[in-house]
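A structural walkthrough
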Amino acid sequence: MRTTRTVPARPVLIATLAVTTAGSLLLTAHTAGADPQPPVTREGPATDRHAAHAPASAAERALTAPTAGITDTGRGYPREQVLAPDPVNPADKSVKLGLTPYHAIAPKLNALQRLGNRVSVEVAGRSAGGHRLYLVTVTAPESARQARAQDRMRELIENAPARAAKDPAIKAGYKTPVFVNNNIHGNEWEGTDASLKLIERLATADDRKTRDLLSHSRLYFNITANPDGRIAGTRANANGFDMNRDFVTASQPEVRAMRQIQIDKQPAVMLDLHGYVNGTLIEPTTPPHGENYEYDLFLKNTYANALRMETAVNGLGYTHAKDGVRPAQIPFRDQEEGWDDWPPIFTPQYAAFHGTVAAHTVEIPLAVNNAAYTNLPESELRRRSAINVDVAGAALRATLDFVRTHRTSLVADQIEVFRRGAAGADQVPVSEETVPGVPGIGPEDVYTTNFPRAYVIPADAGTGGSQRSATAAARLVDHLLANDVRVTRATHAFRLAGRTYARGSYVVDMRQPKRGLANVLLADGRDISDKVSVMYDISGWSLGRLWGATVEPVTSGSLYGAPLRAVREAADVGYFAPRGDLRLRLDDPQEIAALNSLLRHGVPVRQAADGSAIVPASARSRAVVAARTYDVAFDATRATGTTELRRLRVAAAVTPGELFALREMNFEVTPVSTAVLNAGFDWSTADVLFVSAGLDHGALNSTARTALDAFLDAGHGLVGRGTTGADLNAATGLLAAKPVEGNEDANGVARVVNSGPVTSGTPDHGFVYAPVWFADLGPGVRVEQSYATGNPLVSGHWRPSEDGSGGPAQAAGQACVVSGPQAVLFGTEPLFRDHPKGQFAQVARALITVAPASSGTGEESG
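What you see is a predicted model, and the numbers here were worked out from it, not measured in a lab.

**Re the overall build of the protein chain**
Each helix and strand counted, the protein chain has 26 helices and 34 strands in total. For a compact globule of 862 residues, the expected C-alpha radius of gyration is about 29 Å, and the protein chain comes in at 27 Å, within 12% of that figure. The principal-axis extent of the C-alpha atoms belonging to the protein chain is close to 80 × 70 × 60 Å.

**A look at the environment of V248**
Positionally, V248 belongs in the loop between α8 (227–232) and α9 (253–265). Each C-alpha atom of the pair V248 and L521 lies 7.3 Å from the other, and the pair is 273 residues apart in sequence. Once you skip the residues sitting within four places of it in the chain, V248 turns out to touch P344, I345, H479, L521, W541, L543 and H835.

**Some thoughts on the packing of aromatic side chains**
The full count for this structure, using the stated rule, is 19 aromatic pairs. Here the aromatic rings of W189 and Y373 are separated by 5.8 Å at their centres, their planes lie at 25°, and the arrangement is stacked. Placement of W189 in the loop between β3 (176–182) and α6 (190–204) and of Y373 in helix α14 (residues 370–375) is noted, with a sequence separation of 184 residues between them. No difference in accessibility class separates W189 from Y373, as the two residues are buried. Directly above the aromatic system of Y77 lies the positively charged group of R79, at a separation of 4.2 Å from the ring centroid.

**Focus: the sheet that holds strand β5 (residues 269–275)**
Backbone hydrogen bonds hold the strands of a sheet together, and the pairing may be parallel or antiparallel. Reading across the sheet, the seven strands line up as β1-β2-β4-β3-β5-β9-β6 and stay open at both edges, with mixed pairing between neighbours. Only two strands of the sheet have a single partner each, and these edge strands are β1 (119–126) and β6 (281–282). As paired strands, β5 and strand β9 (residues 358–364) are joined by seven bridges and run parallel to one another. Paired with L271 across the two strands is H360, which belongs to β9. Here helix α2 (residues 102–113) sits on the sheet and contacts β1 and β2 (132–138); the angle it forms with β2, its principal contact strand, is near 25°.

**Regarding the nonpolar core**
Counting 153 residues, the largest nonpolar core has L109 and Y134 as the members making the most contacts within it. When residues in this core are grouped by element, the largest group, 17 residues, is from helix α15 (residues 378–423). Those residues in contact with L109, other than ones at most four positions away along the chain, are L83, V121, Y134, V136, L196 and I223.

**Here's the deal with unusual backbone geometry**
Of the consecutive residues G275 and Y276, the connecting peptide bond is found in the cis state with omega at 5°. Structurally, Y276 is set in the loop between β5 and β6. Cis rather than trans, the peptide bond between N278 and G279 has omega equal to 5°. Of note in this structure, D484 is not a glycine but carries a positive phi near 70°.

**Topic: the side chain of T176**
Along the chain, T176 falls in strand β3. Using a relative accessible area of 1% as the deciding quantity, one classes T176 as buried. Not counting residues within four places of it along the chain, the set of residues in contact with T176 comprises H216, S217, R218, A268, V403, R407 and V411.

**Focus on α15**
Here α15 is 46 residues long, yet its end C-alpha atoms lie only 57 Å apart, well below the 68 Å a rise of 1.5 Å per residue gives. Along α15, the largest kink reaches about 80° and is centred on H406. Looking at the residues trailing α15, positive phi occurs at G424, about 70°.

**Observations regarding the pairing of strand β25 (residues 688–691)**
In β25, alternate side chains face the same way, and those of V688 and F690 on one face and L689 and V691 on the other are all buried. In the sheet, strand β23 (residues 649–653) pairs with β25 via four bridges, with the strands oriented parallel. Looking across to β25, one finds that V650 is bridged to V688. Note: β25 against strand β26 (residues 717–721), four bridges, orientation parallel. Among the inter-strand pairings, F690 is bridged to a residue of β26, identified as V719. For the segment spanning β25, helix α23 (residues 702–713) and β26, crossover handedness is right-handed.

Rules of the game
- Residues numbered from 1 in each chain as written.
- Predicted model: local features only at pLDDT ≥ 70, side-chain atom pairs only at ≥ 80, totals over all residues.
- Heavy atoms only, no water.
- Helix = DSSP H or I, 4+ residues; strand = E, 2+ residues; numbered from the N terminus.
- Rg over C-alpha atoms; globule rule 2.2 N^0.38 Å.
- Contact = heavy atoms within 4.5 Å.
- Phe/Tyr/Trp six-rings, centres within 6.5 Å; stacked < 30°, edge-to-face > 60°.
- Buried < 20%, exposed > 50% of the residue type's maximum accessible area, 1.4 Å probe, protein only.
- Lys NZ or Arg CZ within 6 Å of the ring centre and 35° of its normal.
- Pairing = 2+ DSSP bridges.
- Axes fitted to C-alpha atoms, helices over the stretch in contact; angles between N-to-C directions.
- Core = buried A, V, L, I, M, F, W, Y, C linked by side-chain atoms within 4.5 Å.
- Expected span 1.5 Å × (residues − 1).
- Bend = angle between axes of the 7 residues up to and from the residue.
- Right-handed = clockwise from strand over helix to strand, strands pointing away.

Structure, rendered in C-alpha cells:
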C-alpha cells in the first residue's frame, strides 16, 4: 500500500465495480454522470454484426481511396486531398448527441483544408467495417526539402540517438511530433468533436503562441479510430473487438493503422481520449507500472502534463452541484491501485515503446452511452456531450501548451529512451531524486527488468516431433518486424553463450532503440500476484510462450562478428514434397487454415493416427497453393490415414475474439446465442457446436431446447470453454466432469502438461482468464491437459479468492482440458482475443474430434 502520498489517496476497488452499474446513476437528468472509478469491461458473446459496416459503395471507395500520402516522404506540407463524401446516415448514433456523425467528417475535413495552408488530410487505412480512417496533420507549411530534413532528423533520433543528442540542428529545428487518438471506443464520442474544433482554430489562429507551436511541432489527429462503433454506438468495431485491448496482437485493421502512425510519426506526446469517468481521469496511473519502460522519463513528463490538464479542466468552472462534474483526478496521485499501465495492450502504454515520453488516457466525465443513451432525454444527453467536448478540448489545449513550452526537453527525453536501448544501458529506477517534482514516489512504483543480451529463434525450431513449427517462427518474426523491432538472421552457423545455432536462426539483438517493445513481446513476463490486489485488465502475455515458436533468451555473450544480416521479412517456410502422398501436421492455426482450404475445394483428406492430415498425390496442385498461401509444410508420407476429414460447419456461441480466430482458421462459422436458438435455428446447417458465451440451456424455450437436444442426441458434438461451456455440458449430460471455478479476476500465462491427442504438438504454456479446472471425472473421460504442479502461473495475476479457494495452488495438477466421445471442455482460454496462436489448434482438433463421421459435404460453400 502507498505510504508516501502527499494527499489522501482514494482507493480504487475494481472488484466492486461489477455490481455497481453506471446506468443506475444515470436515470436522474442532472446527477453525476458516471462512476468516479473506471468500469471494467469484459468480453461479451459475439454476434455476426457488432457495429456498422459501410454500404457497398462507401466500402468500395474506402478500399480505393488514395493512401500513398501516409508514407510519402517526398512531399512537403500541406498534403491536401478532396475526400469523396459518404452517404448520409440518419441512424448514426452521434446525431442524437448533437455530435458530428461519421458522414459529416469528410465534408468537414475538406472545409478545414480550404481554410489555409496548415491542415493536411490523409487516409491512414480503413476500418473492419469498410470506413476510412482519417489522419489530419496540422503544422506550419513545409517545402519538400524541409519535410525531408524533418524525416532525416526523425530517423537519426531513433537510429543514431547518441549522435542525435548532440546534433544542434535537431535541438533548433526538429518539430516535436504530437499524436491525438480519438474515439477508439466507438461509444465514447466527444474526443472527435473536440479535435475538429481545435483543428479549426489552429487552421486560422494568428496569435504568437499558435505560430510558435506550429513552427516547432507537427500535430497528428486520428479523427476517429473506430468509425464502425461511432456510427453504431458500440464500444467495439465491426468485428466486435475492443481495440484498446489489441495492441500486442494487432488483429484489427484499425489497430494496425494506429501502430503504423506511431512508428512513422514517432510522437513524443500522445493523448487517447475516452469516456466516462467522473471526475475526469488523467493518467499517469497507479502501480504496477510496465517494467520495460524507461519509466523515469515517462513519469516525469506524463505527470507534469497531467497537472496542466487538471488545471485546465478544473478551470472550466464546472461543479458537481451545478453541472454534475466532479474535479479531475490523477490516479498516480489520488488512488492506490486498480488503474495500471502494466499491459501494453492499451494505446498510451504501447506508444511508450515507440518513444512517447508523455502518454495519457483521458477519461472525460459525463456518461452518454449505454443505459444513459437509452434512458436520458435528448436535451440532457446533448448538455452532457457539450460539457464533455469542452473538457476534452481543455485537455488538448493544455497538452499543446505543454508541448510548446517543453519541446526541447521532450525531444531530448525521447532521444534518451532510444539511446538507452541502443547502448544496452541500465534502466533508472524511479525515486523522488531521479524524478524530481513528482510527489509520493515509493518502492511500490519501482518496476524494472533485466534485459537479455539477445533472443534467438532457432532455425531448427520446426523440426522434430516436440519442437515448434517453422510456420510459427516465421509468423512471430513478421510480427516483430511489423512492430518495428529489429531482427537479424544468421547467414552461417554461429556460437553464442556456449551454444551453436544453425544457419538461418533469427536473432533479436537487445541493444536496439526499441528494446522495451522487443522484451514486451518475447519475454516470459512476470508474476505480479503479490504486488497489487487487483488489476484493470490482463497481466500476462508472451509471444514466445503462446505463439508456438521456440524463443531462447541469451543472457550473456557477444554478437560482435556474428554472421547476422538484417531482415525485412521472415523467410518463406512453405514446402511440398515433390512426389507421393503428402502429410500436413495440424499443430498450428495456419495448418488448420490450409486443411480447411483443401476441404472447401473438395480435396479428399484423411486423418492419420498421429492426428496429422494425409493429402493424396492427386491433389498436389491444391497442396502447392495451400503451402504457399499459408506458409506451411506438406511432407512426403507413406501413411494412408484412417478417418475421412470433412469440412466442418460450426455453430458458435462465443466471444468476438474466438469467432475471429475460428474464421482465421477457415472454419465455416455461424454465430448463435440463446436468442438465436429461441427464434428458431436450422440445425441442419451445423455439424458441431462450440459454446463459451451467450448460450444458457435453462433460458431456452421448449422448442429451442428440444431442437438442441436432438442435435446432440444425433451424435453432433460439443466443444465448451469456461463455465458457460461446462454448464451446457452439464445440462445435456455429455461428459461426466465437474467444473471448479478459479478466481474470476485471475489471468496470465500458465504452465500446462499436454497428455492427449487434442493438445498434442501444442505449446506447454496456455493462457487463462477466470481459470477453470475439472474434478470428479467419470469413466471414459480423458485428461487432455492439466495445469502444471507447483505454481503453474508464469506471468500475470492469479490470487486465491477471499475465502482462500480458486488460486494457483488449488489448480496445480488439475485437469484443465478433458474430452470424451462427444464433448471436449476447456478451462483455459485457447482463443483469447485472437491472441495465443499456439493454442488455436487445440480447439480445431477438438472440433474435429467430436464431429460426427458423416459431417459436412466436402464441397465448397457459397
